[in-house]
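# Fold and contact review
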Amino acid sequence: MRSLFAAFVTECLKLRRSRMLSITILLFVFIPLMMSLMFYIQKHPEIAAKLGLIGTKANLLQLGKADTEAYFGFLTQILAAIGLIGFGFVTSWVFGREYSDRTAKDILALPVKRSFIVISKLLVIGIWCIILMLVFFVSGIILGKLIGISGWSVEIITQFTYIFAGTSLLTILLCTPVAFLASYSRGYLLPMGFVILTMLLANFTGLAGVGPYFPWAIPGLFSVPAGTDGMQLGAASYIILIITSLLGFVGTLAWWRFADQK
Amino acid sequence: MDDIITTENLSKSYGEVHAVSELSLNVRKGEIYGFLGLNGAGKTTTIRMLLGMIRPTSGTAFIKGKKVHADNVELWKNIGSLVEIPYSYPDLTVRENLEIIRRLRFLSDRKSIDHVIDKLQLGEYSNRRAKNLSLGNAQRLGLAKALIHNPEILILDEPANGLDPAGIYETRQMLSNLSENHGVTIFISSHILGEISRFASRIGIIHEGKLLQEMDTSQLDRVSRKRLLVKAKNLKAASLILFQKGFNVTLSENEILDIRDKDAIEKPDVIATLLVNAGFPPTLLQVEEEDLETYFLRTIGMKGGVK
């Protein structure tokens, strides 16, 4: 336990000094900001006419009634996509930087087990992602209030919170394969390429109707309203996602323990 | 003397490439073992195997009698290491980088950071981010990370890299002091042979993954080749006289007579007397002993050794 705590504290120290935390927070504020801007434009057609391209895009998005249901529905859909990329980026950075900064070799021959270093990195990633999710959530609510979205109710907020937390949790669980690829490739490029590929495939499999069986499509489908054909998650979906997460976790542990650290 | 580091037929292959082949060496308590080899000879691969970073294809490494493997974390408590160019977390300061190592080594004494900063003369830079350090100071920080816990064993890969002459001297003094006065066992790899010859008590020469030789540096005097160099105003006449007295004389490219006979090397005064009596007094009479670098090059079969 002492080893895990020491490893966890050092991971926090590394993160504290990095600009990455603040950059990702800004990004996770920027997206709801853009979203709310679109909704605001949608609500005010006279502004849309003046804004040219942005106005046209806002209209193209067909945000519907621009009420809380539409607003939060859109926000969770975006979270599913931005979560995959954002959380994947965070994971690539936490693991990949040890190799690109060539510091990995310095934390191998120490009295702390390598498995604790991996676990503490994953814990930091988990906490970081939860912070990003909360930033997204809170800024989404504040901005929604600010632009005067109509139809607020306790039920909608509760429903939104549930979907939001579920989507985030499922996305966070998918960080482990990214951690494995960052360790395996000793850097950022491969895991980031993988993240982008999985996002594309998530969209494709979603459209093809096999999304509930493709791990990276599952968080996005969690936020899809009930009753949408071919997009309903079942027990098998969650089992597939958990197995993928476990494989990523065990693979990362095994890589740090058994692979040659050149 | 106790063997602190032992390897038994340690080998590492990458496909057809044999990075290290059946390497067996012993490093004894308190000695400074200079591990010499050209770039790519297998030094770093060996060091990584000693630190459990690479799994040997065959053979075993032991430190203080315990088998080296990644899970044997107790082993690393008393070992300090520096592998290749030391890199630190670029956005963290010198002090913060050391704080990370202090925590991962469970050192409760926060002053251990101040002590090692003083020892490596990093005080001026303690609050500077690692990415803004010069190569020499980054190397000092690497050494500080290796020394923060006052280890019994130091495994250092090319620690003089990037250090200026003063830094090299200070590091040498520090390592000699640790070995002589604190009984620290030091395994140090280098391709800068002159540097190692100044303070290593034992050397091992690795070439193309094989340990060619292992010996005490005191033995170097016995195994290194010597020659007597002679210069005179009339080199031809001087050469003829020495030849007539039975000495095997060759004229080197830079117009110096080169004599390898044991009698001449042991008694250069006899040569001087001979030449003076013949009316060709020497203007230079010098016994030249092969240095470690020349000996090393000869051992690995490259040009540069005393032929």
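Residues numbered from 1 in each chain as written. Chains lettered and ligands numbered in written order. Predicted model: local features only at pLDDT ≥ 70, side-chain atom pairs only at ≥ 80, totals over all residues. Heavy atoms only, no water.

## Topic: the confidence of the model for chain B
In low-pLDDT regions, the fine details of the predicted coordinates are not to be read closely. All names here are of chain B. Mean pLDDT over chain B: 88, with 97% of residues reaching 70 or higher. Note on residues 303-307: pLDDT is under 50 here. Beyond four places in sequence and across chains, it has 15 contacts. The ipTM for the predicted assembly is 0.84, set against a pTM of 0.84. (pLDDT = per-residue confidence, 0-100. Contact = heavy atoms within 4.5 Å.)

## Regarding the pairing of strand E8 (residues 153-157) of chain B
Residues and elements named next belong to chain B. Among the five residues in E8, five count as buried, and that is most of the element. Where burial is concerned, the two faces of E8 agree: the one with Ile 153, Ile 155 and Asp 157 and the one with Leu 154 and Leu 156 are both buried. Strand direction decides the pairing type here: strand E7 (residues 79-82) and E8, joined by four bridges, are parallel. Counterpart to Ile 79 in the pairing with E8 is Ile 153. In the sheet, E8 pairs with strand E9 (residues 185-190) via five bridges, with the strands oriented parallel. Within E9, the position partnered with Leu 154 by the bridge is Ile 186. (Buried < 20%, exposed > 50% of the residue type's maximum accessible area, 1.4 Å probe, protein only. Helix = DSSP H or I, 4+ residues; strand = E, 2+ residues; numbered from the N terminus. Pairing = 2+ DSSP bridges.)

## Some words on the packing of helix H2 (residues 94-104) of chain B against helix H3 (residues 111-119) of chain B
Residues and elements named next belong to chain B. At a minimum axis distance of 10 Å, the contact between H2 and H3 shows a crossing angle of 125°. Between H2 and H3, the interaxial angle falls into the category oblique. Seen along the crossing, H2 lies across H3 with a hand that is right-handed. Of the residues in H3, those touching H2 at Arg 95, Leu 98, Glu 99 and Arg 102 are Ser 112, Ile 113, Asp 114, Val 116 and Ile 117. Taken together, the residues of the contact of H2 with H3 break down into four nonpolar, one polar and four charged. (Axes fitted to C-alpha atoms, helices over the stretch in contact; angles between N-to-C directions. Parallel < 35°, antiparallel > 145°, perpendicular 65-115°, else oblique. Left-handed = near helix turned anticlockwise from the far one by under 90°. Nonpolar A, V, L, I, M, F, W, Y, C, P; charged D, E, K, R; others polar.)

## Comments concerning the sheet that holds strand E13 (residues 249-251) of chain B
Residues and elements named next belong to chain B. Ordered in space as E13-E14-E12-E15, the four strands form an open sheet in which the pairing is antiparallel. The sheet is open, and its two edges are formed by E13 and strand E15 (282-289), each paired on a single side. Geometrically, the sheet is characterised by an average inter-axis angle of 25° between neighbouring strands, direction not taken into account. Note that E13 and strand E14 (residues 257-259) share three bridges and pair antiparallel.

## Some points on unusual backbone geometry
Residue A:Arg102 is not a glycine yet carries a positive backbone phi of 55°. Relative to the assigned elements, A:Arg102 resides in the loop between helix H5 (68-100) and helix H6 (114-146). A residue is classified by how much of its surface remains accessible, and A:Arg102, at 46% relative accessible area, is partly exposed. The backbone of B:Asn9 sits at a positive phi, close to 45°, despite the residue not being glycine. Along the chain, the position of B:Asn9 falls in strand E1 (residues 3-14).

## Things to note about the pattern of salt bridges
Oppositely charged side chains can pair when the atoms bearing their charge come close. Residues and elements named next belong to chain B. Counting across every chain of the model gives 29 salt bridges over all chains. Of the charged contacts in the structure, one is a salt bridge between Arg 227 and Asp 258, with a shortest N-O distance of 2.9 Å. Here the residue Arg 227 occupies a position in strand E12 (residues 226-232), and Asp 258 occupies one in strand E14, the gap between them amounting to 31 residues. Both residues of the pair, Arg 227 and Asp 258, belong to the buried class. Linking Glu 288 and Arg 227 is a salt bridge whose minimum nitrogen-to-oxygen distance equals 2.8 Å. (Salt bridge = Lys/Arg side-chain N within 4 Å of Asp/Glu carboxyl O.)

## Regarding helix H5 (residues 165-182) of chain B
Owing to its 3.6 residues per turn, the α-helix brings residues three or four apart onto one side. All names here are of chain B. Along its 18 residues, H5 runs 25 Å from first to last C-alpha, staying within 8% of the 26 Å computed at 1.5 Å per residue. For H5, the set of buried residues is Gly 167, Ile 168, Thr 171, Arg 172, Met 174, Leu 175, Ser 176, Leu 178 and Ser 179. Within two residues after H5, Gly 183 carries a phi angle of roughly 65°, on the positive side. (Expected span 1.5 Å × (residues − 1).)

## Overview of the nonpolar core
Core analysis: the largest hydrophobic core is formed by 123 residues, its most contacted members being B:Ile5, B:Ile155 and B:Phe187. No other element matches H6(A), which puts 13 residues into this core. Ignoring anything within four residues of it in the chain, the contact list for B:Ile5 reads B:Leu25, B:Asn26, B:Val27, B:Leu50, B:Phe62, B:Ile63, B:Ile153, B:Ile155 and B:Phe187. (Core = buried A, V, L, I, M, F, W, Y, C linked by side-chain atoms within 4.5 Å.)

## Section: the packing of helix H7 (residues 154-173) of chain A against helix H8 (residues 175-185) of chain A
Residue and element names in this part refer to chain A. Where H7 meets H8, the closest approach of the two axes is 5 Å, and the angle between their N-to-C directions is 25°. Judged on the interaxial angle alone, H8 and H7 are roughly parallel. From H7, Thr 171, Ile 172 and Leu 173 reach across to H8, where they touch Cys 175, Thr 176 and Pro 177. Here the contact of H7 with H8 is composed, by residue class, of four nonpolar, two polar and no charged.

## Some thoughts on the sheet that holds strand E11 (residues 210-216) of chain B
Residue and element names in this part refer to chain B. Spatially, the six strands line up as an open sheet ordered E7-E8-E9-E4-E10-E11, and their pairing is mixed. Sheet topology places E7 and E11 at the edges, where each strand pairs with a single neighbour. Pairs of neighbouring strands in the sheet enclose a mean axial angle of 15°, with direction left out of account. In this structure, strand E4 (residues 32-36) lies alongside E9, joined through five bridges in parallel fashion. By the bridge assignment for E9, Tyr 33 is matched with Phe 187. Where helix H4 (residues 135-147) meets the sheet, its contacts fall on E7 and E8, and the angle it forms with E7 comes to roughly 160°.

## Observations regarding the interface of chain A and chain B
Contact with chain A, which involves 31 residues of that partner, is made by 35 residues of chain B. Between chain A and chain B, the buried area comes to about 3300 Å², and carbon and sulfur atoms account for 59% of it. Summed over the three residues of chain A that lose the most area to chain B, namely A:Arg17, A:Lys105 and A:Pro111, the buried surface amounts to 21% of that side. At the boundary of chain A and chain B, one finds five salt bridges. Note that B:Asp71 and A:Arg257 form a salt bridge whose closest N and O atoms lie 2.8 Å from each other. (Buried area = accessible area lost by both parts, 1.4 Å probe.)

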